[in-house]
Amino acid sequence: MEKPYACVFCSKAFSRQQILNKHLLTHTKENRYACDICRKTFSLQQNLKRHLRKHSKEKPYTCDICNKPFSYLSDFERHIRTHKKAKPYTCDICNKPFSYPSDLERHIRTHTKEKPYACDICSEAFSQQGGLKAHLLKHTKEKPHVCDVCRKAFSLKSTLKRHLQIHMEEKPYACDICSKTFYQQQHLKRHLLSHTKEKPYACDICNKAYSQTQHLKRHLQMHRKEKSYACNICSRAFSEKKTLKNHLQTHTKEKPYMCNICSKTFSWQQNLEVHLRTHTKEKPFACEICSKSFSQKQVLLVHLRTHTKEKPYACDVCGKAFSLKSTLLRHLGIHMEEKPYTCDICSKAFSLQELLKRHLLVHTKEKTFVCNVCNKPFPWKSHLKKHLLTHMKEKPQVFVVC
């Protein structure tokens, strides 16, 4: 179909002038139609009408095959195709078929690497509008999705769905190979990779492949050495702004987050959230391979390496690889006789700058590693790791701080 009407802002083309006119309102940000219930505004009247169904719970579209009702025509049409199994839209690059043109458009961006949706606050760009919407919640701190069982709130609906599984004993998704069952279909899909040995996620820099996206993300951090956010008090540098923000609280000693059960206070909200699990006994992070669950995500990530045998930290001198960065740093000392890094206070020399930084904490008395359970601070990760064993009766190798 010919599309002679093009948008002057984003070059998107349309078959009719009136459709282009409606599209232009998404750029001008003109919102003339307001919801009387929640005051949310819309640029088009039909969008307001669609929105009102969220409040009225009206579902005028019903599937003739399974009688499932829908609020919106687009959702209804999408559902109908699950019965017909029709996939008329094919990718010209890899020939993968899709049921809807919108799905094909999103897929094509995995080839072009196009990210047309940018955050107005921090300029981070996304390939999908849903990704941008989810990202914006980080800035607004909005958590509109609440668990009906324990009242815990979440930014994303998908996160709430995952959380609800901890309240349910049913595991409806079973592996055809080993009969292991899972709460979620995506967990089953990831588990199947342990049988197929497939590694679909490859690093663009060194081509190393991984079976899970989280493993690739951790690996990519090894390539990104830039630390552009520096502390104006102690000059310590960080790769992420939020890490610097957390670090600054070690100087201010401010503890604005209080446990409503035992009144213990914490510098960071995430420490409070982890602490609350000592009261609720919640362990929301489950291993998809052996079903062992953990109260902290980083402990799960370290545990996963016992299954994957992944050793992402490699020695540049001899090539020996390690599963933990701290183990690699200790190993590097055996290669270096020279000690070029000297302490300005006591003149003690070190082979690695990282070891000098650790040593300086002896003089500064800075204790940046805080126990999530009792809030006791420590100057070094190794001390914190040993301390954690006094709270937990798990095997020592599991409780590694990464």
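The preceding data block contains the structure.
None of the values given here were measured: they were computed from a predicted structure.

Thresholds applied
Numbers given for residues are sequential positions, taken from 1 along each chain in its written order. Where totals are concerned, whole chains, interfaces and linings use all residues; where local detail is concerned, this predicted model gives features only for residues with pLDDT of at least 70, and gives and counts side-chain atom pairs only at 80 or more. In computing side-chain values, all of the structure's heavy atoms are included and hydrogens and water are not. Aromatic rings from Phe, Tyr and Trp, taking only the six-membered ring of Trp, are treated as a pair when their centres fall within 6.5 Å; an angle between ring planes under 30 degrees marks them as stacked, one over 60 as edge-to-face, and anything in between as tilted. Under the DSSP-based scheme used, a helix requires at least four consecutive residues in state H or I and a strand at least two consecutive residues in state E, with every element numbered from the N terminus. Each residue is placed in one exposure class: buried if its accessible area under a 1.4 Å probe, protein chains only, is under 20% of its type's maximum, exposed if it is over 50%, and partly exposed if it falls in between.

Student: Would you mind showing me how to read the packing of aromatic side chains here?
Tutor: Each aromatic ring pair is characterised by the separation of its centres together with the angle its planes make. Applying the stated criterion to the full structure yields 2 aromatic pairs. On the numbers, 6.2 Å between centres and 20° between planes, the contact of Y61 with F76 is stacked. Taken as a pair, Y61 in strand 5 (residues 61-62) and F76 in helix 3 (residues 73-84) lie far apart in primary sequence, 15 residues in all. Of the residues examined, Y61 reaches a relative accessible area of 25% and is grouped as partly exposed. According to the relative accessible area criterion, F76 is buried, its value standing at 17%. Between F70 and F76, the aromatic rings sit 6.4 Å apart at their centres with planes inclined by 55°, giving tilted as the arrangement. With respect to class, F70 is no different from F76; both count as buried. Taken together through their ring pairs, the aromatic side chains of Y61, F70 and F76 make up a single cluster.

Student: Which parts of the structure should I look at to understand unusual backbone geometry?
Tutor: Negative phi values dominate among residues other than glycine, just as trans dominates among peptide bonds. Despite not being glycine, N95 has its phi angle at roughly 65°, a positive value. Along the chain, the position of N95 falls in the loop between strand 7 (89-90) and strand 8 (97-98). Even without glycine at this site, S263 takes up a positive phi of about 70°. Within the secondary structure layout, S263 lies in the loop between strand 19 (257-258) and strand 20 (265-266).

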